[in-house]
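Coordinate analysis (summary)
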Amino acid sequence: MAKKKEMTPLMQQYWGVKSAHPDKIVLFRMGDFFEMFHEDAQTAAPLLGIALTARNKKSGDQTPMCGVPHHSIAGQINKLLQAGKKVAICDQVEDPKMAKGLVKREVTRILTPGMVFDPETLDAHSPNYLMAFDRDTLSFMDSTTGECFYYLVSDEKRKKQLIETLNPVEIVLAEASEAQFFLIKPDTWAGVVSFHESVLKTEESLPLSAKRLLSYAQSMQGEGVLDSLQAFEKRDSNFRMQISANVFRHLEVFKTYKGDKQGSLFTSIDRTKTAGGGRRLKSWLQFPLTDLERINERLNSVESWTKNLETLKATRKTLYGVGDLERRLGKVGQPQSHPRDLRSLSDSLQSCLELLPVMGEFYGKQEVLDKIAPLQDKLARAFVDEIPNNFREGSFIAKGFNVNLDELIDIATNSQEKVRALEATEKEKTGIQSLKIRYNNVFGFYIEVTNTHKAKVPADRYQRKQTLTNAERYVTDELNELEKKVITAKSKRADLELELLNDLKNDVRLTLRPLMVLADQVNQLDVFTSLAWLALENSFVKPVMKSEGAIQIEGSRHPVVEQMMEKAFVPNDVIMNAGQSVLLTGPNMAGKSTVMRQVAIASLLAQLGCFVPARKAELPIVDKIFTRIGASDFLTEGLSTFMVEMQETAEMLNEATSQSLVILDEVGRGTSTYDGMSLAQSILEYFLRKLQSYTLFATHYHELTVLETRYPEQLVNKHMAISEKDGEILFRYHLADGPAQKSYGIQVAKLAGLPKEVIQYATQLLNRRERNSPSEGSSQMDLWEAVASQPEPESQPVEGEWTQGLRDLEIQKLTPLEALNTLAKWQQELS
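Computed from a predicted model, the values in this text were never measured in an experiment. (Residues numbered from 1 in each chain as written. Predicted model: local features only at pLDDT ≥ 70, side-chain atom pairs only at ≥ 80, totals over all residues. Heavy atoms only, no water.)

Our next topic: the overall build of the chain. Regarding its fold elements, the chain presents 28 helices and 26 strands. Relative to its length of 831 residues, the chain is extended, with a C-alpha radius of gyration of 38 Å against a globular reference of 28 Å. Split into buried and exposed, the 831 residues of the chain put 48% on the buried side. The long-range share in the chain, meaning contacts at least 24 apart out of those at least 6 apart in sequence, stands at 65%. For the chain, the accessible area works out to roughly 41,600 Å², and carbon and sulfur atoms hold 50% of it. (Helix = DSSP H or I, 4+ residues; strand = E, 2+ residues; numbered from the N terminus. Rg over C-alpha atoms; globule rule 2.2 N^0.38 Å. Buried < 20%, exposed > 50% of the residue type's maximum accessible area, 1.4 Å probe, protein only. Contact = heavy atoms within 4.5 Å. Areas by Shrake-Rupley, 256 points an atom, 1.4 Å probe, with all protein chains shown as cover.)

Written out as C-alpha cells, the structure is:
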C-alpha cells in the first residue's frame, strides 16, 4: 500500500488504523458516513455497487475513495462478508462537538463471515457457523444464535462429511494445522480460512478446538461476545443416519440441481412459523435418527398434534409472533444493538409465554416461569411506541418506567409551556405584542423583536445577541437560566436513558440460560406442529418403524414432484424384503428415477420424525443412504462423468451394510456398451451376494433381467409401464411387475423432437439388427458385427411434390389412362 508523502492529520490517523489491519477493509467513520480509501475503496466499490471517486479532486488529492451512510451500514457490510472479505469498523469514540482538534477514532469491531454485524441480513433458516478442529474434535460456533457444540471424531473422512453437511462459513486454523486441513477440506467448500493461534484459558474441560473458537470470537468483538454464547455441547453422530453431500445433492434435499432452494425437499416440507424452528427442521433433516425409540417419540408427538386441529391452528398463529428469538437474543448483546431490538425481544417473549401451556413439562420450565415472565413485563413497560432512530439523544424510555427519569421528562416536556409563559410575561412588560421567543441549534433560546419596536426594548435586561435586516435578537438572564435547565434536563435524560438501556441488556444477559431453554422448546414445538400441519395438508401417513425387515410402502408419492404437478401424481407400491434388490427397467422419462428417489425420501423423512407421503408405510431403520443418480462431471478437477460415477459406486461398495439403502441409476452408461454392462452386472451381483443392502438398481441393460433366475429370492424385476398405440407411447408412471419388454428409446427420441429422417433411419437400423439377432449361444458382439458388415443403406428420399401428390390423389375419380400417366410421371421423377 503506497502512502502519500505529505498527509493530513486525518489521513495519518487512517493509515495508523489500516497498518494494524492490512488484511481487512477498514470502514472509517467521518461524520454521517463510513469511508473507504485506496485499495479498500477499489475492492469494495464494485462489490457494493457504489461509485468510486477521489477524496479531493480540486486540491489534486486523487486518493480513491467511496462511502456509505452510517445508518445503512448493515446491508453493505453483509455484502462484503458474503464476498469473503473481512471488515474493521473504525468509529468515532468521542463527540465531535467536544473534540479538541482531530476526533478520536478506534476500531470498535472486527467482522468476518463467521462474526457478522447484523444477523437479520443472513438467511433465517441457515446457521452461520465458525469451525475449528484438532486431531480428535470438530467444534462449531454460531455467534448469531449462541449455539456451540463439538464432535469427538478422528476419522478424516467423517470430518470431511461433517464439514460438508454443516457447511461452516469460516474455519479458524492454527498455523500448524494448515496442512492437515487440506486432508479434510471438502472439494465443494467455499468459505473463508482465518488463522488464530491463541486458545481461551477456561476452567471448563473443553477440547482445544472449542477454546480456539472462544479466543477467536473474543479477539474479534471483545469479552462481551462470550456472554451471549451457550456452553459447548458434546454431540454424538453415531446414532444418526450417515448421508454424504452427494446424496443430499442427488435427492435435491436443500437445493435443486440448478442451485435453487425453491423446488428442494426442504422447501416443500417446511411449514415452520419461526426462523429457529426452520433451522431446527433443517438440522433434523441433515441428521436423521437411527434410534428406534427416539424416532417413535417424535412421530408420536407429531401424531398427537394432528388429532387436535383447533389447538394446532391457534398454536401456529401464536408461533408466528415469536420471530427469530435466538438471533434477537444474540443481537441484544452487540454494541450496535438498538432499543427496538429489546422491544422485539419483548414481543417474542410474550408469544413464547403464551405457548407455555401447550408445551407440556420440560427441564427448566419453572425457572423459565420465575425469571422470564418478570423480564418480559419489564421490557414491555420500558419503551415508547415510536422509538427514534437516533436513540442516543434519548426519548425512547416510556414515562412511568423510572421515577428519576420522569422528573427529567417533566422538565423537558414542560419547557414549551414555560417558554410560552415567559413570552407572555415579556410581552406584557415591554408592551411589544409581536415579541417572539424562539430556538435554534446555534444560539439556543432567544427573544426576537422587529426593528419597528426595538426602541421599546429595556436596555437593562435585554442583551443583544444578533442583528438581522428587519429584527434584533436578544437574551435575558431569565431566558438563559431556563435554557440551562432545559438543556441540562435533556442531557441528563439522554444519559439516564442510555444507562437504563444498559441495565435492561444486563438483565437479559443474566437470564440467558432460561431464555435459551425456552428458545429450544419453542423451536421443537414449531417443528412438531409444522410436521403435523404438513401431514394434514398433504395426506402424509404415520410410518410403522421397525429395527429391520421389509420396506413396504403403499401408494408412495414424491412430495416435491407432487406439489409441482398440475395433474394428479401417480402413486406406486414399493415392497422390498431385507437383503433384496429391485432391478428397474423402462424407457427414459417413464419415472424410474422418481420412484427410486421417493423411497429414499420416505426413509429420510420417517427417521427425522416426519410422516411420509403414502397411504401406508412400514419402514426399517436405515443406517446409510447411498445414491448414484445422473451425471456429475467435475471437469475442473479433471474427472469425467464415468470416473465420478465409479468413485461414488466404490464408496457404496466399500461402506454399505445390510441396513443401508442404495440407489443406482444407469451405472456403466459412461463407457462402452460391453464394459458398462459387465460392470453393471458385477456391481449388482456384489450387492446380491455380499452386501445384501436394500438396493434399487435402474438400468437400460435389459440383458441383466435374466439374473432373476439365478437369484430368485434376492432379485425382483420391475418396470415402468408404457401404453403403445399406432407407434405412439403413453407414459403411465406405474411400477409394474417383471422386466420391460422394449426400451422405447426411438419413441422417446421422437417425442423429444428429433428430425423425422433421423427417426426413420434409426427405425430401419433397429429392425435390421433385430432381424439379425444372434442365435442361442452366440454373443451380442456377433449381432453388432453382422449389422456392421452390411452395406450402408442408400440415402432416404426426402418427401417431395410426388409424395404429397400421392396423399392427395383421388383414385376413384381417375380413368385407367390418367392413372397410368401419373405413375409414369412419378417414376421419371424418382429415376
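Quick look at the sheet that holds strand E10 (residues 170-173) now. Paired through backbone hydrogen bonds, the strands of a sheet run either parallel or antiparallel to each other. Reading across from one edge, E11-E10-E7-E8-E9-E12 is the order of the six strands in this open sheet, with mixed pairing throughout. Edge positions in the sheet fall to strand E11 (192-195) and strand E12 (233-235), since each of these pairs with one other strand and no more. Across the sheet, the mean angle separating the axes of adjacent strands is 25 degrees when strand polarity is ignored. Helix-sheet contacts for helix H6 (residues 208-221) involve strand E7 (130-133), strand E8 (137-142), E10 and E11, and the interaxial angle to E8 is about 30 degrees. (Pairing = 2+ DSSP bridges. Axes fitted to C-alpha atoms, helices over the stretch in contact; angles between N-to-C directions.)

Pairing is antiparallel in the open sheet, where four strands are placed in the order E13-E14-E16-E15. Strands with a single pairing partner mark the edges of an open sheet, and in this sheet they are strand E13 (436-440) and strand E15 (463-467). On average, each strand axis in the sheet is tilted by 40 degrees relative to the strand beside it, whichever way the strands run. Of the strand pairs in this sheet, E15 and strand E16 (residues 471-475) are connected by four bridges, and their pairing is antiparallel. Of the residues in E16, the one forming a bridge with Gln-463 is Val-475. Contacting E13 and strand E14 (444-450), helix H16 (residues 403-430) runs over the sheet at an angle of about 140 degrees to E13. Running at roughly 145 degrees to E14, helix H17 (residues 477-510) makes contact with E13, E14, E15 and E16 of the sheet.

What the rule picks out here adds up to 20 aromatic pairs. Taken together, Tyr-129, Phe-140, Phe-149, Tyr-151 and Phe-287 form an aromatic cluster joined through their ring pairs. Its end group placed over the ring of Phe-149, Arg-235 keeps NZ or CZ at 3.8 Å from the ring centre. A cation sits over an aromatic face here: Lys-282 above Phe-254, 5.6 Å from the ring centre. (Phe/Tyr/Trp six-rings, centres within 6.5 Å; stacked < 30°, edge-to-face > 60°. Lys NZ or Arg CZ within 6 Å of the ring centre and 35° of its normal.)

Further remarks concern the side chain of Glu-326. Take Glu-326: it is sitting in helix H13 (residues 325-332). Of the polar contacts made by the side chain of Glu-326, one reaches the side chain of Asn-523; its length is 3.3 Å. Setting aside residues no more than four positions away along its own chain, Glu-326 makes contact with Thr-144, Thr-145, Gly-276, Arg-279, Ala-519 and Asn-523. (Polar contact = N/O pair within 3.5 Å; in protein donor to acceptor, adjacent residues only side chain to side chain.)

This part covers the nonpolar core. Counting 109 residues, the largest nonpolar core has Leu-285, Leu-342, Leu-345, Leu-349, Phe-383, Leu-518 and Val-612 as the members making the most contacts within it. It is helix H18 (residues 512-538) that contributes the most residues to this core, 13 residues altogether. The residues touching Leu-518, leaving out its near neighbours within four places in the chain, are Leu-349, Cys-352, Leu-356, Met-359, Val-368 and Ile-372. (Core = buried A, V, L, I, M, F, W, Y, C linked by side-chain atoms within 4.5 Å.)

Take Phe-362: it is sitting in the loop between helix H14 (339-359) and helix H15 (365-382). As for Phe-362 and Val-517, which are separated by 155 residues in sequence, their C-alpha atoms are 9.2 Å apart. Ignoring sequence-local partners within four residues, the contact set of Phe-362 consists of Leu-356, Val-368, Val-517 and Gln-521.

Another point: the packing of helix H12 (residues 309-319) against H18. Running from N to C, H12 and H18 cross one another at 130 degrees; their axes reach a closest spacing of 10 Å. As judged from the angle between their axes, H12 and H18 are oblique. Crossing angle aside, the handedness with which H12 passes H18 is left-handed. Counted together, Leu-309, Leu-312, Lys-313, Thr-315, Arg-316 and Leu-319 of H12 and Val-522, Leu-525, Asp-526, Thr-529, Ser-530, Ala-532, Trp-533 and Leu-536 of H18 form the full contact between these two elements. Residues that form the contact of H12 with H18 fall into these classes: eight nonpolar, three polar and three charged. (Parallel < 35°, antiparallel > 145°, perpendicular 65-115°, else oblique. Left-handed = near helix turned anticlockwise from the far one by under 90°. Nonpolar A, V, L, I, M, F, W, Y, C, P; charged D, E, K, R; others polar.)

Turning next to the state of the cysteines. Per the counting criterion, the structure on display carries zero disulfides. The thiol sulfur of Cys-66 is not disulfide-bonded, and the nearest other cysteine sulfur, from Cys-90, lies at 15 Å. (Disulfide = S-S within 2.5 Å.)

Bringing the pattern of salt bridges into the picture now. Per the counting criterion, the structure on display carries 38 salt bridges. Linking Asp-40 and Lys-18 is a salt bridge whose minimum nitrogen-to-oxygen distance equals 2.8 Å. With a gap of 22 residues between them, Asp-40 in helix H2 (residues 38-48) and Lys-18 in helix H1 (residues 9-20) connect regions that are remote in the sequence. Asp-40 sits in the buried class, given a relative accessible area of 7%. Assessed through its relative accessible area of 2%, Lys-18 is described here as buried. We note a salt bridge from Glu-562 to Arg-557, for which the minimum N-O separation is 2.6 Å. By relative accessible area, Arg-557 is classed as buried at 10%. (Salt bridge = Lys/Arg side-chain N within 4 Å of Asp/Glu carboxyl O.)

The next thing to look at is H15. With 18 residues, H15 should cover 26 Å at 1.5 Å per step; its first-to-last C-alpha distance of 25 Å lies within 8% of that length. Along H15, the helix axis deviates most sharply at Ile-372, where the bend reaches about 30 degrees; the proline Pro-374 sits within four residues downstream. The inward-facing, buried residues of H15 contact H14, H17 and H18. (Expected span 1.5 Å × (residues − 1). Bend = angle between axes of the 7 residues up to and from the residue.)

So, on to the side chain of Asn-538. Mapping Asn-538 onto the fold places it in helix H18. When neighbours within four sequence positions are excluded, Asn-538 is seen to be in contact with Arg-271, Arg-557 and Gln-563.

Here we take up the pairing of strand E5 (residues 87-92). Within E5, six of the six residues are buried, which leaves it mostly tucked inside the rest of the structure. Both faces of E5 are covered, namely the face carrying Val-87, Ile-89 and Asp-91 and the face carrying Ala-88, Cys-90 and Gln-92. As paired strands, strand E1 (residues 25-30) and E5 are joined by four bridges and run parallel to one another. For Leu-27, the partnering residue across the bridge sits in E5 and is Ile-89. With six bridges connecting them, E5 and strand E6 (residues 105-111) associate as antiparallel partners.

We now examine H13. Within H13, seven of the eight residues are buried, which leaves the element mostly enclosed by the surrounding structure. Leu-325, Glu-326, Arg-327, Leu-329, Gly-330, Lys-331 and Val-332 are the residues of H13 that are buried. Buried residues belonging to H13 abut E8, helix H10 (275-286), H14, H17 and H18.

Looking at the chain as a whole, its pLDDT mean stands at 87, while 92% of the residues score no less than 70. Contacts of residues 631-638 to residues separated by more than four positions or lying in other chains number eleven contacts, the stretch itself having pLDDT below 50. Per-residue pLDDT stays below 50 along residues 775-798; that stretch engages in 22 contacts with residues further than four places along the chain or on separate chains. (pLDDT = per-residue confidence, 0-100.)

Here strand E20 (residues 581-585) lies mainly inside the structure; five of its five residues are buried. Burial along E20 is two-sided: the face carrying Ser-581, Leu-583 and Thr-585 and the face carrying Val-582 and Leu-584 are both buried. Strand direction decides the pairing type here: E20 and strand E24 (residues 694-698), joined by four bridges, are parallel. In the sheet register, Leu-583 faces E24, and the bridge partner there is Phe-697. Sheet analysis places E20 next to strand E25 (residues 715-725), joined by five bridges and oriented parallel. Paired with Val-582 across the bridge in E25 is Val-716.

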